[in-house]
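A closer look at the structure
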Amino acid sequence: MITAAVQEREHYLNASYGIKSWLLTKDHKRIGLLYLATITFFFFLGGAFATLIRVELLTPQGDLVSSETYNKLFTMHGVAMVFFFLIPAIPATLGNFFLPMMIGARDLAFPRINLLSWYLLVLGGLLSLYAMLAGGVDTGWTFYTPYSTSYSNTWVIATALGIFVAGFSSILTGLNFIVTVHRMRAPGMTWFRLPLFVWSTYATSVIQVLGTPVLAVTIILLFCERVFHLGIFDPTRGGDPVLFQHLFWFYSHPAVYIMVLPAMGVISELVSVYSRKPVFGYHFVAFASVAIAVLGFLVWGHHLFVSTQSLYAGLVFSFLSYFVAIPSAIKVFNWTATLYKGSISYATPMLYAFGFIGLFTIGGLTGLFVAALGFDVHVTDTYFVVAHFHYIMVGGTIMAYLGGLHYWWPKMTGRMYPEGWAKLSALVIFLGFNLTFFPQFVLGYLGMPRRYHVYPPEFQVLHVLSTAGASVLAVGYVIPMIYFIWSLRYGKVAGANPWNATGLEWQTASPPPAHNFDQSPVVTHEAYDYSTVLGEVEVG
Amino acid sequence: MTEHIDRVRTYALVFAVLIALTVLTTAVAFVDLGPFSVVVALAIAVGKMLLVALFFMHIRHSTRLTRLVVLGGLLWLIILILLSLTDFATRTWVGVPGR
Amino acid sequence: MASEAHAETPALREQFDTEEQQKDASTLGMWIFLITEIMFFGGMFLAYIVYRGANPLVFAVASSSLNVYIGAANTVVLLCSSFTMVLAVRGAQLGQRQTIVLFLILTLILGGVFLGVKAYEWNEKFQEHHVPGPAFHFEGLPPELQGRAQLFFSLYFAMTGLHALHMVIGVGILSLLIWQARKGTYSAAYMTPVDVSGLYWHFVDIIWIFLFPLLYLIDRHLGK
Ligand SMILES: [Cu+2]
């Protein structure tokens, strides 16, 4: 009989059952999904804080929350989004799931450490969450001293320790990825056959490993100062709060690239697949990732232009900051060159890729504005800066994250997402995003400072526009949440390679078997060699 | 990489030099060398570090990748210190009123 | 089923193809971990450089109150422990169980001695009111420089404290290794845990090699 029950193939999702098989798993794919659930929680938590902020800003007076509460809201929005969503977002979910598959490995080099990193993120998240529920923290996500050490009477220590623990998660993930890329590649998978997502994730890992420890020691010193009365940043004892800022931004500027480099990797994959062309100038794009990782460490002082930092240091950092634009621009130009004469299909992931390229370009170019000493003095701590980094982090990282999630969803779950709804939500997100954040450029240029909830009435129109955009954006983010869950059960069954992509992750079943490949792959082609896969992308 | 087993004598010799350098650096600290006392102290410390790293940590037998990792780590430490010093070392160069 | 996924043993985990690949991966992993440690301590070294540069005299005076002979003796203790550690690793390379256990125990004891001496020194600081905080007092310095002296001792406690914390972790690792080695877990073919733990121990030693001159040996001739 044709209708006889089809024996379901064994894959990583049905290889074992029960909560224990998830909480003790060493499978990088399952750990990727654990991360996905965790960061989704923190995304909506951070989103809830953002909503409250935007609602408060509808009117010039402070009528919804008090100043103290408002300070806590923007702090917790930043902490949740930066440390518990954006930094783990792409590397720890998509990277965890796909990096080993893309290089043809059975798993990461250290699966137990990988599981440990997830537990550390959860532990750090719980610590910070506890701080938020117990009363919140109001220092801003940057924890500047001496306010954070001597004056704030909110939950600084619990929040900072949460970030410290999550930092270990980030370090261990980076360490694991570096060793994996060096030691676990399949036969024939040379460095210049690696998909560009692997290159950019590798570069990200280097930043995580070299930068995060400095944040860790900064938090420890902050902790010692607040709890044990050490005086390392205490100006009354000859300590220098600007040293805190140096140490903090030595990590936190490169951290921007922890967020955006993997996003660039995703975009390289998407642009290639949906144009049916190899990425233009593969070597340049690969080395641009490494160059961004290195140059990213040389520019942190541009966050200190209006502190007591020496003018000469300001000149050096301003000058060096411009160099980051070079590899970034190489990427943008190479993506557009890849599109040229490509046979482009407008699938949802590609829409996100287009969104990324446009928004990242705006975010990057305004980055050049604020890297200029003179201009920055004018717009420091205004909404111009807020708009700039949201164009990079939301317009860049989240766009790419959602694009990557749609692109790899069939591989992760074996089901297609509903294309119509997905396109609609991509459009809603793009419009909502611009409506939210473009007015903030104008606001900032006109002089609206960040972190204030009371403002002159002249700014109200732009703030109302921004809040309206935020509501649209929120709807845009909720739709995928619903249809992704819906698709787990009702989505069209996806084949092994619905996009006719070339990556090794597509050359195995969907969802993949527990050990990724039934036979260890041997690589004989360059990345993105579409002559090896027949057919076109089918858009449902 | 094939295993490389050093002789006990090699280790003992390195150990003896390390102890001698410790005695030396302590003794030199009591001599007035002006600004050079910190230079000498750090030079001896770097020497001791090299001995421990090369012999006890087997960098002398290690792969190129390991050496690259170590050099990268040291280079980043230098970046952290030098670029920070562009600020702290030049603060007093311009007289800004009020600073 | 994955055709070549093999049964997992401690000597060869399932994600690796060969023992050599596994050993290389573990060693590389430990070295990368150590460079994160370089950066971790690097933040404090930067703070030290900045503040010593700004307060050279106060730092010299405050440093001279530390007991240089205890510091030097403790340096020797730590170097001895590195020597015994490397002999333990050598024993593991040769697959000599007795040697591994003996030298790991010696290393553990020396590490314990170091921590004991450190505790004695810290205790002394508490008695002398040299611990930063409201009760801090450093004899021989005018009131306006007391804060700067606190800066030195803040760095002293942060740096030696975090170094000691690493030592405590190292002692924990050693205890685990000794327990495993006595069971006969390690052989010439499988000694990676001993090897990478050795790397960690030597690294902690190197940090002290720098802390000793930086904290104890600042311009002693000025201080006396
Ligand atoms: Cu920056």
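1. Overview of the overall build of chain B
Looking only at helices and strands, chain B features 3 helices and 0 strands. Listing the helices and strands of chain B from first to last along the sequence gives α-α-α. Expected size for 99 residues packed as a compact globule is a radius of gyration near 13 Å; at 19 Å, chain B overshoots this value by more than 25%. For chain B, the spread of C-alpha atoms along the principal axes amounts to about 65 × 40 × 15 Å.

2. What about the overall build of chain C?
Each helix and strand in chain C was counted, giving 7 helices and 0 strands. Going residue by residue from the N terminus, the α and β elements of chain C occur as α-α-α-α-α-α-α. Relative to the compact-globule value of 17 Å for 224 residues, chain C shows a C-alpha radius of gyration of 22 Å, a clear excess of over 25%. Taken along its principal axes, the extent of the C-alpha atoms in chain C is 75 × 35 × 30 Å. For chain C, with 224 residues in total, the buried portion stands at 60%.

3. A few points about the packing of aromatic side chains
What describes a pair of aromatic rings is the distance from one ring centre to the other and the angle between the planes of the rings. Summed over all chains, the structure comprises 71 aromatic pairs over all chains. Between Phe248 of chain A and Trp249 of chain A, the ring centres sit 5.1 Å apart and the planes meet at 90 degrees, which makes this aromatic pair edge-to-face. Ring centres 6.3 Å apart and planes at 20 degrees place the aromatic pair Phe375 of chain A and Tyr445 of chain A in the stacked group. Within this pair, whereas Phe375 of chain A is found in helix H12 (residues 373-379), its partner Tyr445 of chain A is found in helix H14 (residues 419-446), the two being separated by 70 residues in sequence. Every member of this aromatic cluster is reached through a ring pair, and the members are Tyr12, Phe97, Phe98, Phe197, Tyr274, Tyr407, Trp408, Tyr417, Trp499 and Trp506 of chain A. The aromatic ring of Trp22 of chain A is capped on one face by Arg30 of chain A, whose charged end is 4.3 Å from the ring centroid. Cation over ring: Lys183 of chain C sits above Trp179 of chain C, and NZ or CZ is 4.5 Å from the ring centre.

4. Thoughts on helix H4 (residues 111-134) of chain A
Compared with an ideal rise of 1.5 Å per residue, which puts 24 residues at 34 Å, H4 of chain A spans 34 Å between its outermost C-alpha atoms and is within 8% of the ideal. Positive phi shows up at Gly136 of chain A, right after H4 of chain A, with a value of about 85 degrees.

5. Re the interface of chain C and chain A
Across the contact, 42 residues belong to chain C and 42 residues belong to chain A. Buried surface at the junction of chain C and chain A, both sides included, amounts to about 3400 Å², of which 69% is carbon and sulfur. Taken together, the connections running from chain C to chain A amount to 2 salt bridges. Counting residues per element, the ones that place at least two in the side of chain C that touches chain A are helix H1 (19-54) and helix H5 (143-182) of chain C. Sorting elements by how many residues they give to the side of chain C that touches chain A places H1 of chain C first, with 18 residues. Each residue belonging to the side of chain C that touches chain A can be placed in one class, and the counts come to 23 nonpolar, 12 polar and 7 charged.

6. Description of a nonpolar patch on the surface
Residue and element names in this part refer to chain A. Together, Phe44, Val478, Met481, Ile482, Ile485 and Leu488 line one region of the surface with nonpolar side chains, adding up to about 520 Å² of accessible area. When residues of the nonpolar patch are assigned to their parent elements, the largest contribution, 5 residues, is made by helix H15 (residues 460-490). Inspection of the secondary structure assignment puts Val478 in helix H15. Looking at Val478, the relative accessible area reads 38%, which means it is partly exposed.

7. Re the coordination of the copper ion
Residues and elements named next belong to chain A. Surrounding the copper ion are the protein donor atoms His253 (ND1), His302 (NE2) and His303 (NE2), which sit 1.8 to 2.0 Å from the metal. Expressed as a motif, the donor residue spacing for the copper ion is H-x48-H-H. By relative accessible area, His302 is classed as buried at 14%. Judged by relative accessible area, His303 falls into the partly exposed class, the value being 31%.

8. Describing the nonpolar core
Formed by 296 residues in total, the largest nonpolar core has its most connected members in Phe83, Leu94, Phe356, Tyr401 and Trp408 of chain A, Phe56 of chain B together with Tyr51 of chain C. Both domain 1 (1-57) and domain 2 (63-90) of chain B contribute no fewer than three residues apiece to this core. Those residues in contact with Tyr401 of chain A, other than ones at most four positions away along the chain, are Leu36, Ile39, Thr40, Phe85, Ala89, Ile90, Thr93 and Leu94 of chain A.

9. Observations concerning the domain arrangement of chain B
In terms of domain boundaries, chain B breaks down into domain 1 (1-57) and domain 2 (63-90). One C-alpha centre belongs to domain 1 of chain B, the other to domain 2 of chain B; they are set 21 Å apart.

10. Brief notes about the interface of chain C and chain B
Between chain C and chain B, the residue contacts involve 45 residues of the former and 48 residues of the latter. Regarding the contact of chain C and chain B, the summed buried area is about 4100 Å², with carbon and sulfur atoms giving 81% of it. Summed over the shared surface of chain C and chain B, the number is 0 salt bridges. Those elements giving two or more residues to the side of chain C that touches chain B turn out to be H1, helix H3 (68-94), helix H6 (192-216) and helix H7 (220-223) of chain C. Here the side of chain C that touches chain B is composed, by residue class, of 31 nonpolar, 7 polar and 7 charged.

11. Thoughts on the pattern of salt bridges
Opposite charge on two side chains makes pairing possible when the charged atoms of those side chains draw close. Under the defined criterion, the tally for this structure stands at 13 salt bridges over all chains. The partner of Asp17 of chain C in a salt bridge is Arg106 of chain A, with the nearest N and O atoms 2.8 Å apart. Of the two residues, Asp17 of chain C sits in the segment before H1 while Arg106 of chain A sits in the loop between helix H3 (67-102) and H4, which places them in two different chains. The exposed category is assigned to Asp17 of chain C, whose relative accessible area is 51%. According to the relative accessible area criterion, Arg106 of chain A is buried, its value standing at 9%. The partner of Arg237 of chain A in a salt bridge is Asp234 of chain A, with the nearest N and O atoms 2.9 Å apart. Considered together, Arg237 of chain A and Asp234 of chain A belong to a single accessibility category, that of buried residues. Here the residues in one salt-bridge network are Asp240 of chain A together with Asp87 and Arg91 of chain B, joined through shared partners.

12. Quick notes on the packing of helix H7 (residues 196-228) of chain A against H1 of chain C
Running from amino to carboxyl end, H7 of chain A crosses H1 of chain C at an angle of 40 degrees, the nearest separation of the two axes being 8 Å. Considering their axes alone, H7 of chain A and H1 of chain C lie oblique with respect to each other. Two packed elements cross with a definite hand, and for H7 of chain A against H1 of chain C that hand is right-handed. Contact residues: Val209, Leu210, Pro213, Val214, Ala216, Val217, Ile220 and Leu221 of chain A in H7 of chain A; Ile32, Ile35, Thr36, Met39, Phe40, Gly43 and Met44 of chain C in H1 of chain C. Residue classes in the contact of H7 of chain A with H1 of chain C are distributed as 13 nonpolar, 2 polar and no charged.

13. Let's talk about the side chain of Asp195 of chain C
In this fold, Asp195 of chain C is placed in helix H6. Among the polar contacts made by the side chain of Asp195 of chain C, one reaches the side chain of Lys23 of chain C at a distance of 3.3 Å. Ignoring anything within four residues of it in the chain, the contact list for Asp195 of chain C reads His58 of chain B together with Lys23 and Val89 of chain C.

14. Topic: the environment of Thr10 of chain B
Residues and elements named next belong to chain B. Inspection of the secondary structure puts Thr10 in helix H1 (residues 8-28). In this structure, the C-alpha to C-alpha distance between Thr10 and Phe55, residues 45 residues apart in sequence, is 8.4 Å. Residue contacts for Thr10: discarding those within four places in its chain leaves Phe55 and Arg60.

15. Some thoughts on helix H2 (residues 36-56) of chain B
Over its 21 residues, H2 of chain B extends 29 Å from the first C-alpha to the last, a length consistent with the 30 Å expected when each residue adds 1.5 Å. Residues Ser37, Ala41, Ile44, Ala45, Lys48, Met49, Leu51, Val52, Ala53, Phe55 and Phe56 of chain B constitute the buried set of H2 of chain B.

16. Digging into the side chain of Ser152 of chain A
Residues and elements named next belong to chain A. In this fold, Ser152 is placed in the loop between helix H5 (147-151) and helix H6 (156-183). Reaching out from Ser152, the side chain makes a polar contact with the side chain of Thr154 at a distance of 2.8 Å. Filtering out sequence-adjacent residues up to four positions away, Ser152 remains in contact with Asp138, Thr139, Tyr147 and Arg226.

17. Some thoughts on the confidence of the model for chain C
Residues and elements named next belong to chain C. Per-residue pLDDT for chain C averages 91, and the proportion of residues at 70 or more is 94%. Confidence drops under pLDDT 50 across residues 1-5; counting only partners more than four residues distant or on other chains, this segment forms 12 contacts. For this predicted complex, the interface score ipTM comes out at 0.93, while the overall pTM is 0.94.

The rules we used
Residues numbered from 1 in each chain as written. Chains lettered and ligands numbered in written order. Predicted model: local features only at pLDDT ≥ 70, side-chain atom pairs only at ≥ 80, totals over all residues. Heavy atoms only, no water. Helix = DSSP H or I, 4+ residues; strand = E, 2+ residues; numbered from the N terminus. Rg over C-alpha atoms; globule rule 2.2 N^0.38 Å. Buried < 20%, exposed > 50% of the residue type's maximum accessible area, 1.4 Å probe, protein only. Phe/Tyr/Trp six-rings, centres within 6.5 Å; stacked < 30°, edge-to-face > 60°. Lys NZ or Arg CZ within 6 Å of the ring centre and 35° of its normal. Expected span 1.5 Å × (residues − 1). Contact = heavy atoms within 4.5 Å. Buried area = accessible area lost by both parts, 1.4 Å probe. Salt bridge = Lys/Arg side-chain N within 4 Å of Asp/Glu carboxyl O. Nonpolar A, V, L, I, M, F, W, Y, C, P; charged D, E, K, R; others polar. Patch = residues over 30% accessible without salt bridge, like charges linked within 9 Å, V, L, I, M, F, W, Y side chains within 5 Å. Areas by Shrake-Rupley, 256 points an atom, 1.4 Å probe, with all protein chains shown as cover. Donors = N, O, S within 2.8 Å, 3.2 Å for Na, K, Ca; no water. Core = buried A, V, L, I, M, F, W, Y, C linked by side-chain atoms within 4.5 Å. Domains from an automatic or database assignment. Axes fitted to C-alpha atoms, helices over the stretch in contact; angles between N-to-C directions. Parallel < 35°, antiparallel > 145°, perpendicular 65-115°, else oblique. Left-handed = near helix turned anticlockwise from the far one by under 90°. Polar contact = N/O pair within 3.5 Å; in protein donor to acceptor, adjacent residues only side chain to side chain. pLDDT = per-residue confidence, 0-100.

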